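Summary of the model geometry
One-letter residues, chain by chain:
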Amino acid sequence: MSEHNILAARMKSIQPFHVMDILARARQLASSGRSIIHMEVGEPDFTTPSPIIEAGLQALKDGQTKYTPACGIPELRERIAEWYWQAFQVKVAAERIIVTPGASGALQLALGVLVNPQDEIILTDPGYPCNRHFVSLFEGKPISLPVTAEQNYQPSLNQLQQAWSERTRAVLLASPANPTGTLLSTELTQQLYQYITQQHSTFIVDEIYQGLTYGQEPQTALSIADDIWIVNSFSKYFGMTGWRLGWLIAPEYALDALTRLAQNLFLSPPTIAQYAALAAFKQETLDITEERRFEFAKRRDFLLPALRELGFGVQTAPQGAFYIYADAGRFSDNSHELSLRLLEQAGVAFTPGIDFGEYAAKTHVRFAYTTNLPELEQAVERLHKHLRS
Ligand SMILES: Cc1ncc(COP(=O)(O)O)c(C=O)c1O
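Description of the structure in this document. (Residues numbered from 1 in each chain as written. Predicted model: local features only at pLDDT ≥ 70, side-chain atom pairs only at ≥ 80, totals over all residues. Heavy atoms only, no water.)

1. A look at the packing of helix α5 (residues 102-114) against helix α6 (residues 129-137)
- Relative orientation of the contacting elements α5 and α6 amounts to 35°, with a least axis distance of 10 Å. Considering only the axes of α5 and α6, their crossing is right-handed. When α5 is examined against α6, the residues Ser104, Leu107, Gln108 and Leu111 are found in contact with a partner set consisting of Asn131, Phe134 and Val135.
- Looking at the contact of α5 with α6 residue by residue, the classes come out as 4 nonpolar, 3 polar and no charged. (Axes fitted to C-alpha atoms, helices over the stretch in contact; angles between N-to-C directions. Helix = DSSP H or I, 4+ residues; strand = E, 2+ residues; numbered from the N terminus. Left-handed = near helix turned anticlockwise from the far one by under 90°. Contact = heavy atoms within 4.5 Å. Nonpolar A, V, L, I, M, F, W, Y, C, P; charged D, E, K, R; others polar.)

As structure tokens, this is what we get:
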């Protein structure tokens with residue numbers, strides 16, 4: 001029997017990552033002895049800071065191997081709440097913080113309790129691809145707003161108003177964003193929030209790259225309004241991608257529904273990871289994460305002018321995350337083909353724009369500076385050699 005008859009129709013709208021082809025080919029090339037520089041990877045190259053690892057090991061020794069409450073251990077929810085006060089002077093009740101399996105878990109919970117079939121969720125194009133797939137999973141309709149470098153890859157109020165319909169249920173944006181590394185300004189967040197609230201709709205801000213901003217201090221949209229839904233994670237700034245731990249902050253009226261869904265979907269977030277994460281906000285850990293942030297800033301400051309020099313168009317300097325989204329139109333109008341070609345010829349792996357949407361996706365690529373400075377220098381040298389010919 002064909003897949004067509006067996007699998008649910010919604011699976012048609014859930015696309016694979018094209019970068020997986022690139023990764024598979026990169027592995028093949030590496031195993032045949034070629035040197036490959038990885039700039040396609042969306043996770044820090046650093047391992048988890050040692051105080052977190054130690055706390056995880058201790059949790060294992062202490063026998064912390066069972067389920068926890070569905071919304072996370074109270075100590076961690078408290079600790080995250082304290083962190084919002086310490087870092088942003090924002091008061092948030094620990095009960096409003098739901099610990100989840102990564103930001104991925106938080107996004108599924110938020111969309112699961114908000115989206116009815118056919119509801120429209122406004123996102124950006126380019127944007128983090130899983131979000132539109134989660135919307136499709138709940139039978140909603142992702143509405144992707146094309147955003148340009150001139151507008152810092154964030155939607156304008158006017159664009160939002162134009163896209164609005166009576167089926168619009170929520171707006172989901174990220175700051176810093178993937179793949180562009182751009183931020184939502186306070187002013188724009190306020191404008192969008194006001195409009196979204198007037199329409200009795202929900203504003204969700206994904207702050208997974210919080211902490212990874214350069215030249216400006218990290219912020220949270222919670223400073224603007226208490227009822228913005230916040231998605232966050234230990235994955236990026238705290239270097240814990242594989243521990244699968246994040247959190248969602250939601251208004252009180254949604255907590256009962258979110259708890260019920262969390263109980264059913266996940267039973268509990270990963271236990272060992274939660275005990276490990278208690279060490280994430282210790283000063284000794286923050287010293288390490290801040291040092292890494294400076295290292296990322298150095299990499300960005302090297303890579304951005306170097307890519308421009310090579311002929312890639314980067315109109316807006318990314319202010320955060322660890323990505324540079326570049327216009328490669330001068331070299332190709334097929335970003336997938338360009339990524340494969342430069343992997344083959346130059347041994348440099350990066351992600352084609354088509355993984356992040358449709359708008360200008362064939363002329364854009366994403367470089368991740370999740371590899372050390374000497375490797376980045378070598379990557380630029382290799383690209384120089386191959387693009388020139
Ligand atoms: C914007 C954005 N949101 C959410 C996620 C999911 O991250 P995790 O589930 O590891 O917390 C990612 C991962 O790359 C991301 O880039």
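2. Here's the deal with the pattern of salt bridges
- As enumerated under the stated definition, the model contains 15 salt bridges in all.
- Between Asp119 and Arg167 there is a salt bridge, with its nearest N and O atoms 3.0 Å apart. Of the two residues, Asp119 sits in the loop between α5 and β3 (120-125) while Arg167 sits in the loop between α7 (157-163) and β5 (168-174), which places them 48 residues apart along the sequence.
- Close ionic contact of Glu120 with Lys141 constitutes a salt bridge, the shortest N to O distance being 3.9 Å. In this pair, Glu120 sits in strand β3 while Lys141 sits in strand β4 (residues 141-146), placing the two residues 21 residues apart along the sequence. (Salt bridge = Lys/Arg side-chain N within 4 Å of Asp/Glu carboxyl O.)

3. What to know about the nonpolar core
- Membership of the largest hydrophobic core comes to 113 residues, with the highest contact counts inside it found for Phe203, Phe234, Phe312 and Phe367.
- When residues in this core are grouped by element, the largest group, 8 residues, is from helix α11 (residues 283-310).
- Dropping the residues within four chain positions of it, Phe312 is found in contact with Leu307, Ala326, Asp327, Ala328, Phe331, Val365, Phe367 and Leu387.
- Core analysis: the second largest hydrophobic core is formed by 7 residues, Ile22, Ala26, Leu29 and Leu343 among them. (Core = buried A, V, L, I, M, F, W, Y, C linked by side-chain atoms within 4.5 Å. Buried < 20%, exposed > 50% of the residue type's maximum accessible area, 1.4 Å probe, protein only.)

4. Topic: the environment of Pro218
- By secondary structure assignment, the location of Pro218 is in the loop between β6 (202-206) and β7 (229-233).
- The sequence separation of Pro218 and Ser175 amounts to 43 residues, and the corresponding C-alpha distance is 9.9 Å.
- Contacts of Pro218, omitting those with residues within four sequence positions, involve Phe88, Gln210, Gly211, Thr213 and Arg293.

5. A look at the layout of surface pockets
- Quantified by volume, the largest pocket comes out at close to 740 Å³.
- In terms of lining, the largest pocket is formed by 34 residues, of which the most central are Phe17, Gly42, Tyr128, Lys236 and Tyr323.
- Of all the elements in the fold, those that place two or more residues in the lining of the largest pocket are α2 (19-31), α5 and α6. (1 Å grid on protein atoms, 1.4 Å probe; cavity = no way out; pocket = protein on both sides within 12 Å on 5 of 7 lines; lining within 4 Å. Points joined across faces, edges and corners; volume = space filled by probe spheres on them.)

6. Description of the packing of aromatic side chains
- Counted according to the given criterion, the structure contains 23 aromatic pairs.
- Ring geometry for Tyr237 versus Phe238: centroids 5.0 Å apart, planes at 75°, classification edge-to-face. Here the two residues Tyr237 and Phe238 agree in accessibility, since each one is buried.
- Members of the aromatic cluster, joined through ring pairs, are Trp83, Tyr84, Phe88, Phe234, Tyr237, Phe238, Trp247 and Phe281.
- Cation over ring: Lys91 sits above Trp85, and NZ or CZ is 5.1 Å from the ring centre. (Phe/Tyr/Trp six-rings, centres within 6.5 Å; stacked < 30°, edge-to-face > 60°. Lys NZ or Arg CZ within 6 Å of the ring centre and 35° of its normal.)

7. Notes on the site of the ligand
- Around the ligand, 13 residues are found, and the nearest of them are Ala103, Ser104, Asp206, Tyr209 and Ser233.
- In the environment of the ligand, an oxygen atom lies 2.9 Å from a nitrogen or oxygen atom belonging to the side chain of Asn178.
- At 2.7 Å, a side-chain N or O of Tyr209 approaches an oxygen atom of the ligand.
- Relative to its unbound accessible surface of 400 Å², the ligand loses 93% to contact with the protein.
- More than half of the atoms belonging to the ligand lie within 2 Å of the grid points that define the largest pocket.
- With 4 residues, the single largest contributor to the shell around the ligand is α5. (Near = heavy atom within 4 Å. Polar contact = N/O pair within 3.5 Å; in protein donor to acceptor, adjacent residues only side chain to side chain. Areas by Shrake-Rupley, 256 points an atom, 1.4 Å probe, with all protein chains shown as cover. Sits in = over half its atoms within 2 Å of the grid points.)

8. Description of a negative patch on the surface
- A cluster of acidic residues, Glu75, Glu78, Glu95 and Glu252, forms a negative patch on the protein surface.
- With respect to the helices and strands, Glu75 occurs in helix α4 (residues 74-88). (Patch = residues over 30% accessible without salt bridge, like charges linked within 9 Å, V, L, I, M, F, W, Y side chains within 5 Å. Lys, Arg positive; Asp, Glu negative; His and termini not counted. Charge placed at Lys NZ, Arg CZ, Asp CG, Glu CD.)

9. What to know about the environment of Pro69
- In this structure, Pro69 sits in the loop between α3 (50-61) and α4.
- Owing to a relative accessible area of 46%, Pro69 belongs among the partly exposed residues under this scheme.
- A C-alpha to C-alpha distance of 52 Å links Pro69 and Phe331, two positions 262 residues apart in sequence.
- Contacts of Pro69, omitting those with residues within four sequence positions, involve Leu267, Ser268 and Pro269.

10. Considering α3
- The terminal C-alpha atoms of α3 lie 16 Å apart, and with 12 residues this matches the ideal 16 Å at 1.5 Å per residue to within 8%.
- All buried positions along α3 are accounted for by Pro51, Ile52, Gly56 and Ala59. In an axial view of α3, the angular spread of the buried residues amounts to 140°, which keeps them on one side of the axis.
- Buried residues along α3 sit in contact with α10 (271-277) and α11.
- Count one or two residues on from α3 and you reach Gly63, which has phi positive near 80°. (Expected span 1.5 Å × (residues − 1). Arc of directions from axis to C-beta.)

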